[in-house]
Amino acid sequence: YGRLHPDAAAGIALLRESVKAAEDLGQHYEVVRNAGALVARLSQEGEFSEAASWARWTLDMFDRGDISEGTRRLQVVNDLGVARVMTGDLVGLRRVLEDAQVVAEGSLPTLAALLRSTLAWLELAELRPAAALELMSATYEASGRNWRARQGYQLVRCLLELGRTAEAQRVAADITSLALA
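Below: a short report on this structure. (Residues numbered from 1 in each chain as written. Predicted model: local features only at pLDDT ≥ 70, side-chain atom pairs only at ≥ 80, totals over all residues. Heavy atoms only, no water.)

**Observations regarding the overall build of the protein chain**
When you go through the protein chain residue by residue, the secondary structure sums to nine helices and zero strands. The secondary structure elements of the protein chain, listed N-terminal to C-terminal, are α-α-α-α-α-α-α-α-α. Taken along its principal axes, the extent of the C-alpha atoms in the protein chain is 55 × 35 × 30 Å. Per-residue burial for the protein chain yields a buried fraction of 41% across its 181 residues. Across the protein chain, every contact between residues at least 6 apart in sequence was considered, and the portion connecting residues at least 24 apart equals 50%. If you sum the accessible surface of the protein chain, you get close to 9,700 Å²; carbon and sulfur atoms cover 54% of it. Between the centroid of the 20 positive side chains of the protein chain and the centroid of its 24 negative side chains there is a distance of 3 Å. (Helix = DSSP H or I, 4+ residues; strand = E, 2+ residues; numbered from the N terminus. Buried < 20%, exposed > 50% of the residue type's maximum accessible area, 1.4 Å probe, protein only. Contact = heavy atoms within 4.5 Å. Areas by Shrake-Rupley, 256 points an atom, 1.4 Å probe, with all protein chains shown as cover. Lys, Arg positive; Asp, Glu negative; His and termini not counted. Charge placed at Lys NZ, Arg CZ, Asp CG, Glu CD.)

So, in structure tokens, the structure goes:
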């Protein structure tokens, strides 16, 4: 419930409490599940530095608790990647994201798209808009209507970085039409 709570502070407090309760009960899987939800909520609220701290701890808990929940772990890796891009902590991030991408590609298409998106943000942060455009073009073209607005926003950003304003306007118009449908 904390992940979707309409009040951000209350939702974050509930998620912290759920992590603590799971720790107190020795329920390792619940610890990583709840901590992963906390990481996502912190990122959603723009608390990227704190999200990165929690994500690193959550990944440690995955490893220490010998929890084999690959999809959930990859989601936390992606959330950590987003937080690191947003805080400028880029050293070594590319390898982490590319390794996760290889694991997700083929069997987890939604997660693979998220990882490609995060890699594209990394490319933009490292001033490589052409590489970001390559990642986002493929992701955008393969996306369903529900994901197209999210992917389109990032594609527009890449196109604008490259000075391709007319294409950016077309994509923006397309995703606006789809979002309003």
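That was the structure; now back to the text.
**Describing helix H2 (residues 28-44)**
Over its 17 residues, H2 extends 24 Å from the first C-alpha to the last, a length consistent with the 24 Å expected when each residue adds 1.5 Å. Along H2, the positions that sit buried rather than exposed are Val31, Val32, Asn34, Ala35, Gly36, Ala37, Leu38, Val39, Arg41, Leu42 and Ser43. Residues of H2 that are buried in the fold lie against helix H1 (8-25), helix H3 (48-64) and helix H4 (70-87). Just downstream of H2 lies Gly46, where phi reads positive at about 80 degrees. (Expected span 1.5 Å × (residues − 1).)

**A closer look at the packing of aromatic side chains**
Taken as a whole, this structure holds two aromatic pairs when the rule is applied. Between Trp54 and Trp57, the ring centres sit 5.5 Å apart and the planes meet at 80 degrees, which makes this aromatic pair edge-to-face. With Trp54 and Trp57 both in helix H3, this residue pair falls three residues apart, about one helical turn. Ring centres of Trp121 and Tyr153 lie 6.2 Å apart, and the angle between their planes is 45 degrees; this geometry places the pair in the tilted category. Of this pair, Trp121 sits in helix H6 (residues 109-125) while Tyr153 sits in helix H8 (residues 145-161); the two residues are 32 residues apart in sequence, bridging distant segments of the chain. For Trp121, a relative accessible area of 23% puts it in the partly exposed group. (Phe/Tyr/Trp six-rings, centres within 6.5 Å; stacked < 30°, edge-to-face > 60°.)

**So, the layout of surface pockets**
Rolled over the atoms, a probe sized like a water molecule indicates the empty space that remains. Of the pockets and cavities examined, the largest pocket occupies roughly 370 Å³. In this structure, the largest pocket is lined by 16 residues; those nearest its centre are Asn78, Asp79, Val82, Leu114 and Arg150. Among the secondary structure elements, those contributing two or more residues to the lining of the largest pocket are H2, H4, H6 and H8. The element contributing the most residues to the lining of the largest pocket is H4, with five residues. Across the lining of the largest pocket, the residue classes break down as eight nonpolar, six polar and two charged. Estimated volume of the second largest pocket: approximately 290 Å³. In this structure, the second largest pocket is lined by 13 residues; those nearest its centre are Arg3, Gly36, Ala37, Ala40 and Gln75. Breaking the lining of the second largest pocket down by element, the ones donating at least two residues are H2 and H4. (1 Å grid on protein atoms, 1.4 Å probe; cavity = no way out; pocket = protein on both sides within 12 Å on 5 of 7 lines; lining within 4 Å. Points joined across faces, edges and corners; volume = space filled by probe spheres on them. Nonpolar A, V, L, I, M, F, W, Y, C, P; charged D, E, K, R; others polar.)

**Things to note about the environment of Arg41**
Along the chain, Arg41 turns up in helix H2. Considered as a pair, Arg41 and Ala8 are 33 residues apart in the sequence and their alpha carbons are 8.0 Å apart.

**Regarding the packing of H4 against helix H5 (residues 93-104)**
Remark: H4 packs on H5, axes separated minimally by 10 Å, with the N-to-C direction vectors making an angle of 150 degrees. By the angle class used here, H4 and H5 are roughly antiparallel. Read as a crossing pair, H4 and H5 show a hand that is left-handed. Together, Leu74, Val77, Gly81, Arg84 and Val85 of H4 and Leu93, Val96, Leu97, Ala100, Val103 and Ala104 of H5 make up the contact between the two elements. Residues that form the contact of H4 with H5 fall into these classes: nine nonpolar, one polar and one charged. (Axes fitted to C-alpha atoms, helices over the stretch in contact; angles between N-to-C directions. Parallel < 35°, antiparallel > 145°, perpendicular 65-115°, else oblique. Left-handed = near helix turned anticlockwise from the far one by under 90°.)

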